[in-house]
Amino acid sequence: MAWKDVRAAVRDLLAGVEITEPQLIAIRHVFEFPPAAIEPGDVPCFVMMPPARNQDWAPNYWRTRTYEMRIMCLVRDEQAGPAANIVDAFAEAVMDVLIPARTPNGSRASLRAT
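In short, a report on the structure. (Residues numbered from 1 in each chain as written. Predicted model: local features only at pLDDT ≥ 70, side-chain atom pairs only at ≥ 80, totals over all residues. Heavy atoms only, no water.)

Notes on the side chain of Glu32
Reasoning step 1: With respect to the secondary-structure elements, Glu32 resides in the loop between β3 (29-31) and β4 (45-48).
Reasoning step 2: A distance of 2.6 Å separates the side chain of Glu32 from the side chain of Arg7, its partner in a polar contact.
Reasoning step 3: Within the structure, Glu32 has its side chain in polar contact with the side chain of Arg11 (distance 2.4 Å).
Reasoning step 4: Once you skip the residues sitting within four places of it in the chain, Glu32 turns out to touch Arg7, Arg11 and Met48. (Helix = DSSP H or I, 4+ residues; strand = E, 2+ residues; numbered from the N terminus. Polar contact = N/O pair within 3.5 Å; in protein donor to acceptor, adjacent residues only side chain to side chain. Contact = heavy atoms within 4.5 Å.)

Here's what the structure looks like:
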């Protein structure tokens, strides 16, 4: 499975993320790559960063490929406190969307929030 397939699957999952608390807000845009600029109308949005890649070989010659993806959530609020609450709510919503997700080849996706 190629990274482009993983990236597209994650993009599709993230596109439907919305929160109801502290406000009812839906993600307006998911950028697969960091853009040169983000317009105010694109916020709130997710920006997918290029992944860290790792490949392990087991003694029986099975290969495990791991992509460590970082996703930035950008929101706009006049005060830092409410903006942080919105980002926290989106982080929880992303975990809810990604935990039951399966990779394009059908295996269970692994998720670790940091």
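Here we look at unusual backbone geometry
Reasoning step 1: The peptide bond linking Glu21 to Pro22 adopts the cis configuration, its omega dihedral lying at 5 degrees.
Reasoning step 2: Residue position: Pro22 is located in the loop between β1 (18-19) and β2 (25-26).
Reasoning step 3: In this structure, Pro44 follows Val43 across a cis peptide bond, with omega equal to 5 degrees.
Reasoning step 4: Mapped onto the secondary structure, Pro44 falls in the loop between β3 and β4.

Brief notes about the nonpolar core
Reasoning step 1: In terms of nonpolar packing, the biggest core is built from 18 residues, with Leu14, Val17, Ile19, Phe46 and Phe90 touching the most fellow members.
Reasoning step 2: At the level of secondary structure, the elements contributing two or more residues to this core comprise α1 (3-15), β4 and α2 (80-98).
Reasoning step 3: Of all the elements, α2 adds the most residues to this core, at six residues. (Core = buried A, V, L, I, M, F, W, Y, C linked by side-chain atoms within 4.5 Å. Buried < 20%, exposed > 50% of the residue type's maximum accessible area, 1.4 Å probe, protein only.)

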